Amino acid sequence: MKVAFIGTGLMGEPMAFRLLKAGYNLFVFNRTKSKTERLKKHQAKVFDLPADAIRETSVIITMLTDFNAISETLFTEKISFKGKTLIQMSTISPKESLLLKNRIEENEGEYIEAPVLGSIPQVEEGQLIVMVGASKDNYNKWKKLLKNFGDGVYHIGEVGSASAMKLALNQLIASLTSVFSMSLGYILSNNVDVNQFMEILRKSSLYAPTFDKKLNGMLKRDFDKANFPLKHMLKDINLIHEEFLEKNVNTEIIERVKNILQQGIDMNLSDKDYSALFNVIYPKQE
Ligand SMILES: NC(=O)c1ccc[n+]([C@@H]2O[C@H](COP(=O)([O-])OP(=O)(O)OC[C@H]3O[C@@H](n4cnc5c(N)ncnc54)[C@H](OP(=O)(O)O)[C@@H]3O)[C@@H](O)[C@H]2O)c1
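Residues numbered from 1 in each chain as written. Predicted model: local features only at pLDDT ≥ 70, side-chain atom pairs only at ≥ 80, totals over all residues.

Attention now moves to the nonpolar core. Residues Leu26 and Val132 are the most contacted members of the largest nonpolar core, which totals 77 residues. Ranked by the residues each element gives to this core, the list is headed by helix α8 (residues 161–189), at seven residues. For this core, the two domains that each supply at least three residues are domain 1 (2–159) and domain 2 (164–281). Apart from the residues within four sequence positions on either side, Leu26 is in contact with Val3, Phe5, Ala16, Leu19, Leu20, Leu39, Ala44 and Lys45. (Core = buried A, V, L, I, M, F, W, Y, C linked by C-beta atoms within 7 Å. Buried ≥ 20, exposed ≤ 12 C-beta atoms within 10 Å, placed from the backbone. Helix = DSSP H or I, 4+ residues; strand = E, 2+ residues; numbered from the N terminus. Domains from an automatic or database assignment. Contact = placed C-beta atoms within 7 Å.)

Shown next, in the form of structure tokens:
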């Protein structure tokens, strides 16, 4: 089966590899062509224009940064979506997802959203969680393809609902990492044993596994291996802020987290792992 894969960044490239390994015939486009080299060596067909990658396929997967990147890539040239399905897998807002749905349907195509939870290691292990917003028929039609990314493929509801689920979960990623950073900084400032702090935390109901995933990086202040860059966490928090405000969910905490991430950008941490927000919350002590 021919699949067009658009966007081979940090997540897109390993996701495309999973489809190649599963035997799909991949038609790839990425704005920066050098990021398609490895896929090309493994028999993916690489194109200079998105329209050319899409022309011969009936399904298109996009894994681009945000709504603007998707719009620029898909709607700058005239592309026919007649008889094709767009599977949009980036983190965008429900409103943006519905705008894409309308645009694709006006072009006689079908649209499903399938944002993911998990990062590069989960892609490589085939353990991404895929949340699908689509009609039941479209979900059933594309479930098998999406299962290549992980067994956990969930039908959340119609288009918009999976994007909402994803934003709710990403709010937790940003907020949990921030509040953990505060306690860790305070423990360090008191010269209290970090191992003992973690041991007690792990035994309590306050524990979240993400704390251990980020602990070593924070202690070493090494955030160079960015599976999920800080700039994308800020992109998501901006979406979350706007969405929560609209739905009358109090956004005071989100505004603070947003401010912290913005300070991270000002400290040149944009491309570092998002857990580099620890450096904002508890700067290295002289
Ligand atoms: N990284 C994670 O752990 C993770 C986890 C879950 C969800 N996500 C979501 O998945 C999406 C992709 O994330 P990522 O980490 O793979 O990001 P990334 O490495 O920054 O890749 C972004 C992709 O979008 C393309 N792009 C950006 N702006 C563009 C534009 N104006 N026109 C055309 N192409 C453009 C980039 O092309 P170039 O190569 O030319 O820059 C690249 O292919 C994001 O929505 C992110 O929030 C990420």
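With phi around 60°, Asn248 is a residue other than glycine that occupies positive phi space. Inspection of the secondary structure puts Asn248 in the loop between α11 (230–246) and α12 (252–266). A tally of 7 C-beta atoms within 10 Å means that Asn248 is categorised as exposed. Unlike most non-glycine residues, Asn268 shows phi in positive territory, near 65°. Residue placement: Asn268 occurs in the loop between α12 and α13 (277–281).

Not every one of the 26 residues close to the ligand is listed here, only the nearest: Gly9, Arg31, Ala69, Ser90 and Ser119. Of all the elements, helix α4 (residues 67–75) adds the most residues to the shell around the ligand, at four residues. Considered class by class, the residues forming the shell around the ligand number seven nonpolar, 14 polar and five charged. Per-domain counts for the shell around the ligand show at least three residues from each of domain 1 (2–159) and domain 2 (164–281). (Near = placed C-beta within 6 Å. Nonpolar A, V, L, I, M, F, W, Y, C, P; charged D, E, K, R; others polar.)

Moving on, we come to the domain arrangement of the chain. When cut into domains, the chain gives domain 1 (2–159) and domain 2 (164–281). Summarising the inter-unit geometry, the C-alpha centres of domain 1 and domain 2 are found 28 Å apart. Each partner contributes to the interface: domain 1 provides 11 residues, whereas domain 2 provides 13 residues. Here the side of domain 1 that touches domain 2 is composed, by residue class, of seven nonpolar, three polar and one charged.

Packing of α11 against α12 brings their axes to within 10 Å, and their N-to-C directions diverge by 155°. Taken together, the axes of α11 and α12 lie roughly antiparallel to each other. Seen along the crossing, α11 lies across α12 with a hand that is left-handed. Between α11 and α12, the contacting residues are Leu230, Lys231, Met233, Leu234, Ile237, Asn238, Ile240, His241 and Phe244 on the first element and Ile254, Glu255, Val257, Lys258, Leu261, Gln262, Gly264 and Ile265 on the second. Grouping the constituent residues of the contact of α11 with α12 by class yields 10 nonpolar, four polar and three charged. (Axes fitted to C-alpha atoms, helices over the stretch in contact; angles between N-to-C directions. Parallel < 35°, antiparallel > 145°, perpendicular 65-115°, else oblique. Left-handed = near helix turned anticlockwise from the far one by under 90°.)

Below, the discussion takes up the pairing of strand β6 (residues 110–113). Taking every second residue as pointing to the same face, both faces of β6 are buried, with Glu110 and Ile112 on one and Tyr111 and Glu113 on the other. When strand β5 (residues 85–88) meets β6, the two strands line up parallel, connected through four bridges. In the strand pairing of β6, Ile87 is matched with Ile112. (Pairing = 2+ DSSP bridges.)

On to the pairing of strand β2 (residues 25–29), then. By the criterion of burial, β2 is predominantly enclosed, with four of the five residues buried. Of the strand pairs in this sheet, strand β1 (residues 2–6) and β2 are connected by five bridges, and their pairing is parallel. When the sheet's bridge partners are listed, Phe5 is paired in β2 with Val28. Handedness of the crossover joining β1 and β2 through helix α1 (residues 12–21): right-handed. In this sheet, strand β3 (residues 45–46) lies alongside β2 in parallel orientation, the contact comprising two bridges. (Right-handed = clockwise from strand over helix to strand, strands pointing away.)

This part is about the environment of Gly185. Here Gly185 is to be found in helix α8. Sequence separation between Gly185 and Ile61 is 124 residues; the distance between their C-alpha atoms is 41 Å. Excluding residues within four positions of it along the chain, Gly185 makes contact with Ile281 and Tyr282.

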